[in-house]
Each structure stands twice: as structure tokens, then as C-alpha cells.
Amino acid sequence: MTDIKSMTLEELTAWLKDQGEPAFRAKQIFHWLYRGVSSFDEMTDLSKALREKLDSLAFLTPPQVARKQVSRLDGTIKYLWELSDGNCVESVLMRYQHGNTVCISCQVGCRMGCAFCASTLAGKVRDLTPAEMIDQVLFTQLDSGAPISNIVLMGIGEPLDNFETVMRFLTLVNHPEGLNIGMRHISLSTCGLTEQIDKLAQYGLQLTLSVSLHAPDDETRSRIMPVNRSVGVEKLMDTCRRYFQTTGRRISYEYAMIDGVNDSDRQADLLAGLLKGMPGHVNLIPLNDVEESPLKPSRRVAAFQKRLERHGVTVTVRRRLGSDIDASCGQLRRKAMRETEPRRERTGGDSRETGRKEDEQP
Ligand code: SAH
């Protein structure tokens, strides 16, 4: 069986040719896929025979809305999608002046083990497919009615740990016959997998790379990000420098402010030192409180920002959207998992008991 929506238009054309179908059918089918059909039967301008043939050769994996939370404060919408095998992932729609942005997931869970992150608590279950990534963008747009102009790969999972899928997703989402979202409107966030950053650089894409730095020294970074134990800050920064030299794209460094862990003046000075002579910008993130974690939000965000600025570093502080709904990615899935214990991740079966409801906030 073929995962038809994970194919590019060119691959679809070749595949249909193998089935004895003319090339123009490919575009027709491609358009239906990006209209969000859930079955081949909905492709009403194809003959019944062709629809049946497609149904016997290929499959679709449209997600279902398992939960939906709408912020009363700023219109942010958080979706918990139930995938076709019963696993769940999250997307968040954020409305900015420069356009609607959707934050999407790339894996069910995550195996990177960052101490402050809700997505990694139960490890990684599986990678998403390109179609499952595309559908988060498409179905967010269809359900909310908000045209999506920007995408951030900052949901559940580590994009560079699902490299081939993410690259394919980028090709698909960029396609003029599909969602047609330009690379400059896409950000990809990584915990810092250096080999894959080097590999990504070779593609020379115009997307924005965000690196989750979160600490300027090995002792602290290894404590909160296990990925640092094998690579280290120095090698990571060398890789970032190479990435900039190869692509000409400035990197954005994410820094979640954690009370008493990474928010000292000394660490601000070290961070400024790391970025010296390297074009880039620091995005300070007020830590989202994860119930299971002893790490707490820092109260020194403004002081830390000022200190960095005094060193000449470009700094922004991330605005908190949707603070009245489960804030950061991974939290809604965790909540749903807790409520459905002991089943947790399922590989199939009836999932309706998870309560497919709209959690609109009062
Ligand atoms: N795996 C990728 C992308 C997913 S997380 C990465 O590590 O970059 C997107 C961003 O949110 C990362 O910078 C991540 O470190 C950060 N993050 C995770 N949990 C957080 C929390 N509780 N509070 C604030 N930021 C968090």
C-alpha cells in the first residue's frame, strides 16, 4: 500500500503512470489531497473505477481533532490530533501581525530527554510521516479557517532526528500546487544534532534554523540537555558557525530561562562570549512550567536580557501566546495521556473514550 500524500507531485505522476494512468490525473489527485479529503471516494471528478483502484493501492491518514483549546486572550488554538494508529500529537495556531503561524510536531514523543520539556517524558513512540506533518498544517488551516503563512517546527519531537521525513515535508509544503509556503516562512528548531546540522547546511535552504542552546557552559547544558554530553557547547557553536558560512542564514538561539540554573550574570557573559563575531540572535523563552519537572521559571529574564544587550547581543523575549490554555507543546498530549492511563500510547483500537471534545476555555 502506498502512502499517497507523502509523495511529491512528480513521484505521484510517475506512480500513476506505472498504474497506466495519464499524467494530468496526478495534478487532479494532488489538488484533492490538499483540499483535505479523507477518502478517495471524495475525489468526485475521477471515475468510480479509478477511485476504487486508488483505494486498493493507496491509503490516506487524515488526523482527527482529539482535543481543541481556544485561547480567549489572543485566539491561539491548540490542537491535539489523533493519528490513524491512535497516537496523538499537537499543533498550535498562533496569530501574529505578520501572519498566522502553525507550530507542528514531527515525532510522537521525543528521545532527546531535555529536563524541562514535556514532550520527552515518555520517550519517543515513532516518527511521523511526511503526510502526517503536512496534514497538521492543512487541517489546522481547514478547521480554524485561518490561512497559514508561516510554519515553525517546534512542536513535539526533534526534527533532525527524523531528517529524511522533514526534508520531504519541506519539499511538499513548498510546492506551488500544494500549500505553497516559502522557505523563508519556515523555522526549524533543533536541540543541536551537529552531524545533521552539517547535512542540512548542504541543502542551502532559506529557512531559519533555531538552535536550542539553553546554557552557555557544558556543565549546565549537559545537566538539562543529555544531547550535550556527547557533543559539547564548543563543537555545537563551531557547527553553527559553519552553518552560517555555508548558508548565509543567521541562526536564532533559543534560551529557556530556568530559575537558578541558567539565568546568572556569569552565564549571560559566557553566552555573549560564545556569540562574539557570529551573526545571530538570542530568543529568551520564559520557561513553561511542566508539572512533572522540578525546574521553575526564572525571575531574571529582564536582567539577563539587559546584560546580553550591554554586550551587543541582539535579544528578544518570546511573547507568551495562549497562556490560558496548556502552554508549551507536549503538555496537552501529556495531559491526555495521564487521563487515559494505563493505556497511554495505543497502536490501535477504539480511542473514543479519550473524550473527543472541545476544551474551549471559559
Ligand atoms: N526538539 C526541537 C524542537 C522542539 S521544542 C528542539 O529541541 O529545539 C521547541 C523549543 O521549546 C525548544 O527550544 C525547546 O527547548 C523549548 N522548550 C521545551 N520545553 C520547554 C518549556 N517547558 N519551557 C520553555 N521552552 C521549552
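These numbers come from a predicted model, not from an experiment. (Residues numbered from 1 in each chain as written. Predicted model: local features only at pLDDT ≥ 70, side-chain atom pairs only at ≥ 80, totals over all residues. Heavy atoms only, no water.)

**Q** Hey, could you run me through the site of the ligand in this one?
**A** The ligand sits among 18 residues. The nearest are Phe116, Ser189, Ser212, His214 and Asn288. Look at the ligand: alone it shows 530 Å² of surface, and the protein chains cover 93% of it. In terms of residue class, the shell around the ligand is made up of nine nonpolar, seven polar and two charged. (Near = heavy atom within 4 Å. Areas by Shrake-Rupley, 256 points an atom, 1.4 Å probe, with all protein chains shown as cover. Nonpolar A, V, L, I, M, F, W, Y, C, P; charged D, E, K, R; others polar.)

**Q** Hey, could you run me through the nonpolar core in this one?
**A** Judged by nonpolar contacts, the single largest core of 100 residues is most densely connected at Ile4, Leu54, Ile151, Phe169, Tyr253, Val282 and Leu308. With seven residues, the single largest contributor to this core is helix α5 (residues 163-174). Ignoring anything within four residues of it in the chain, the contact list for Leu308 reads Ala268, Leu271, Ala272, Val282, Leu284, Val313 and Val315. (Core = buried A, V, L, I, M, F, W, Y, C linked by side-chain atoms within 4.5 Å. Buried < 20%, exposed > 50% of the residue type's maximum accessible area, 1.4 Å probe, protein only. Helix = DSSP H or I, 4+ residues; strand = E, 2+ residues; numbered from the N terminus. Contact = heavy atoms within 4.5 Å.)

**Q** Is there a simple way to explain unusual backbone geometry in this structure?
**A** When glycine is set aside, most residues are seen to have a negative phi, and most peptide bonds are trans. Positive phi, normally seen in glycine, also occurs at Asn180, with a value near 55°. Counting through the fold element by element, Asn180 comes out in the loop between α5 and β10 (186-190). You will see that His214, though not glycine, has its phi angle at about 65°, which is positive. Here His214 lies in the loop between β11 (208-212) and α7 (218-224).

**Q** Help me out: how do you make sense of the packing of aromatic side chains in this one?
**A** In this description, an aromatic ring pair is defined by two values, namely the gap between the centres and the angle between the planes. Per the stated rule, a full pass over the model turns up four aromatic pairs. Summarising the aromatic geometry, the rings of Phe163 and Tyr203 are spaced 6.1 Å apart at their centres and angled 50° between planes, so their arrangement reads as tilted. Residue Phe163 is located in helix α5, and its partner Tyr203 is located in helix α6 (residues 194-203); the two are separated by 40 residues in the primary sequence. The exposure class assigned to Phe163 is buried, which follows from its relative accessible area of 6%. (Phe/Tyr/Trp six-rings, centres within 6.5 Å; stacked < 30°, edge-to-face > 60°.)

**Q** What exactly am I supposed to notice about the pattern of salt bridges here?
**A** Two side chains that carry opposite charge are able to pair once their charged atoms sit near each other. All told, the structure shown has 21 salt bridges when counted by the stated rule. Among the ionic pairs, Asp161 bridges to Arg111, the shortest N-O distance being 2.7 Å. Taken together, the residues span a long stretch of sequence, with Asp161 in the loop between β9 (148-153) and α5 and Arg111 in the loop between β7 (107-109) and β8 (124-127) at a distance of 50 residues. According to the relative accessible area criterion, Asp161 is buried, its value standing at 14%. Assessed through its relative accessible area of 54%, Arg111 is described here as exposed. Note that Asp289 and Lys296 form a salt bridge whose closest N and O atoms lie 2.9 Å from each other. The network of salt bridges with common partners includes Asp265, Asp269, Arg300 and Arg307. (Salt bridge = Lys/Arg side-chain N within 4 Å of Asp/Glu carboxyl O.)

**Q** When you look at the pairing of strand β5 (residues 88-96) in this model, what are you seeing that I'm missing?
**A** If a strand is regular, its side chains alternate between the two faces of the sheet. Most of β5 is tucked away: seven of the nine residues are buried. Across six bridges, the pairing between strand β4 (residues 77-82) and β5 is antiparallel. Within the sheet, the bridge partner assigned to Ile77 lies in β5 and is Leu93. Here β5 runs beside strand β6 (residues 99-103); their pairing, made up of five bridges, is antiparallel. Note on β6: the bridge partner recorded for Val92 is Cys103. Taken together, β5 and the strand that follows it, β6, pair antiparallel across an intervening segment of two residues. (Pairing = 2+ DSSP bridges.)

From the geometry alone we can't say anything about function, so treat these as descriptive.
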